[in-house]
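Residue-level structure breakdown
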Amino acid sequence: MTEISPTPHIEIADTVRWLERAVIGLNLCPFAKAPHVKGQIHYAVSEAKGLEGLRDELIEQLQALAVLPAEERETVLLIVPQMLRDFLEFNDFLDEADAVLQELDLEGEFQIASFHPDFQFADTEPDDITNFTNRSPYPTLHLIREASIDRAVEAFPEAEMIYETNMATMEKLGLDGWKALDVGPTP
């Protein structure tokens, strides 16, 4: 597992650029800015070559997150550049990720959100601009503390409106606007 360092991996730099320009810049997640500014987001680049190795890295990151206070590590972005490039394979792995939460008895304490370069919501076409709300430069597992979600929802009483607001934001931005953000992987 690779941690963020003074000379970060290009995958981390690309992910930070996406976070700053899209997630925070477009306010797709109103809860992302504070942990970013406070340095409480941990970036980990998976070096796994197979699903078992990725599962082991996921366990390692969840266990590390569980023992650290939120003030030190609020959340983790586990970036998976070497595998799960096919969205359906990535989506299938999410079942395994949820099983890991159960096995570690961390259900209710953590959630795993998903981001992917080809993310597609059910009942949408692949090129539907609303899919871009969850499109990241690389397949990414976002490990989130449930307590953080609860606090965020208290601070943002209309949290259920975020999804609809994001759809409207993306429709207004359009594909050309998204491309102008330059939030894909570095070639």
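Every chain's residues receive numbers from 1 upward, in the order its sequence appears when written. Local features are withheld for residues below a pLDDT of 70 in this predicted model, meaning they are given only at 70 or higher, and side-chain atom pairs are given and counted only at 80 or more; totals for whole chains, interfaces and linings count all residues. The basis for the side-chain values is all heavy atoms of the structure; hydrogens and waters are excluded.

1. Section: the environment of L94
Only DSSP runs of H or I reaching four residues or more are called helices, and only runs of E reaching two or more are called strands; each is numbered from the N terminus. Positionally, L94 belongs in helix α4 (residues 87-103). Classification of L94 by relative accessible area gives buried; the value is 14%. C-alpha separation for the pair L94 and K33, spaced 61 residues apart in sequence, amounts to 25 Å. With sequence-adjacent residues up to four places away left out, L94 is seen in contact with S114 and L141. Burial classification: accessible surface area is computed with a 1.4 Å probe over protein chains only, and a residue below 20% of its type maximum counts as buried, one above 50% as exposed, and the rest as partly exposed. Whether two residues touch is decided by their heavy atoms; if any such pair falls within 4.5 Å, the residues are in contact.

2. Notes on the environment of V23
With respect to the helices and strands, V23 occurs in helix α1 (residues 10-24). Sequence separation between V23 and N166 is 143 residues; the distance between their C-alpha atoms is 10.0 Å. For V23, the residues in contact, after removing those within four places along its chain, are W18, L28, C29 and A32.

3. Some remarks on the pairing of strand β5 (residues 140-145)
Residues in a regular strand project their side chains so that they alternate between the two faces of the sheet. Counting buried positions over the 6 residues of β5 gives 6, a clear majority of the element. Of the two faces of β5, the one lined by T140, H142 and I144 and the one lined by L141, L143 and R145 are each fully buried. Bridge count between strand β3 (residues 75-79) and β5: 5 bridges; the pairing is antiparallel. The partner of T75 across the bridge, within β5, is I144. Any two strands are treated as partners once DSSP identifies two or more bridges connecting them. Of the strand pairs in this sheet, strand β4 (residues 110-115) and β5 are connected by 6 bridges, and their pairing is antiparallel. Within the sheet, the bridge partner assigned to F110 lies in β5 and is R145.

4. Focus on the packing of aromatic side chains
Any pair of Phe, Tyr and Trp rings, taking the six-membered ring for Trp, is counted once the centres come within 6.5 Å. Such a pair is stacked with planes under 30 degrees apart, edge-to-face with planes over 60 apart, and tilted for the rest. In this structure the tally under the stated criterion is 6 aromatic pairs. Ring pairs connect the aromatic residues F87, F90, F119, F121 and Y163, which therefore count as one cluster. A ring has a charge above it when a Lys NZ or an Arg CZ is no more than 6 Å from the ring centre and no more than 35 degrees off the ring normal. We note R135 situated over the ring of F132; from NZ or CZ to the ring centre the distance is 4.2 Å.

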